[in-house]
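Listed here are the chains, written in short residue letters.
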Amino acid sequence: MSPRRNRPKESGSSGQSAGDDRSGRYGGWQSTEQWRGEEWSVRHVAGASAEGKTYRCPGCDQQIPSAVPHVVAWPEHSGVDDRRHWHKACWNAKDRRTTRVQRSRNAPRF
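Residues numbered from 1 in each chain as written. Predicted model: local features only at pLDDT ≥ 70, side-chain atom pairs only at ≥ 80, totals over all residues. Heavy atoms only, no water.

1. Overview of the pattern of salt bridges
No. 1: Applying the stated criterion to the full structure yields one salt bridge.
No. 2: Salt-bridge contacts for Lys94 lead to Glu33; the nearest nitrogen and oxygen are separated by 3.7 Å. Residue Lys94 is found in the segment after helix H1 (88–92), and its partner Glu33 is found in strand S1 (residues 30–35); the two are separated by 61 residues along the sequence.
No. 3: Since its relative accessible area comes to 13%, Lys94 is described here as buried.
No. 4: Overall, Glu33 belongs to the partly exposed group, its relative accessible area being 26%. (Salt bridge = Lys/Arg side-chain N within 4 Å of Asp/Glu carboxyl O. Helix = DSSP H or I, 4+ residues; strand = E, 2+ residues; numbered from the N terminus. Buried < 20%, exposed > 50% of the residue type's maximum accessible area, 1.4 Å probe, protein only.)

2. Considering the packing of aromatic side chains
No. 1: For the structure on display, the rule yields five aromatic pairs.
No. 2: With 5.9 Å between their ring centres and 85 degrees between their planes, Trp35 and Trp86 make a pair best called edge-to-face. Of the two residues, Trp35 sits in strand S1 while Trp86 sits in strand S6 (residues 84–86), which places them 51 residues apart along the sequence.
No. 3: Between the aromatic rings of Trp86 and Trp91, the centroid separation amounts to 5.2 Å while the plane-to-plane angle is 80 degrees, which identifies the pairing as edge-to-face.
No. 4: Among the residues examined, Trp86 registers a relative accessible area of 7% and is labelled buried.
No. 5: Residue Trp91 is classed as buried on the basis of its relative accessible area, which comes to 0%.
No. 6: Grouping aromatic residues by their ring pairs yields a cluster made of Trp35, Trp40, Trp86 and Trp91. (Phe/Tyr/Trp six-rings, centres within 6.5 Å; stacked < 30°, edge-to-face > 60°.)

As structure tokens, then:
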């Protein structure tokens, strides 16, 4: 068994540069992506920073429990009210999903 490496990795070996890592109060990093013909701000939220609230994912219409890492995305030129909390997998699969989530008849409406 090889010994554990406790030294930090070189700055050049990381996948993202220091300029891309805009750590904020949510403990994650933020980037900009193209989706549906417009720019979207995407913030990756760490699980430890997401305590206290539950959110509903627009991709799968399921709840995102407290303390679960997820993604917050909103159109670049919109207000705070347009932010949506997504599961990371749902955000990555947003182009492969249908345009409207179908619920069963007795599913709760939130």
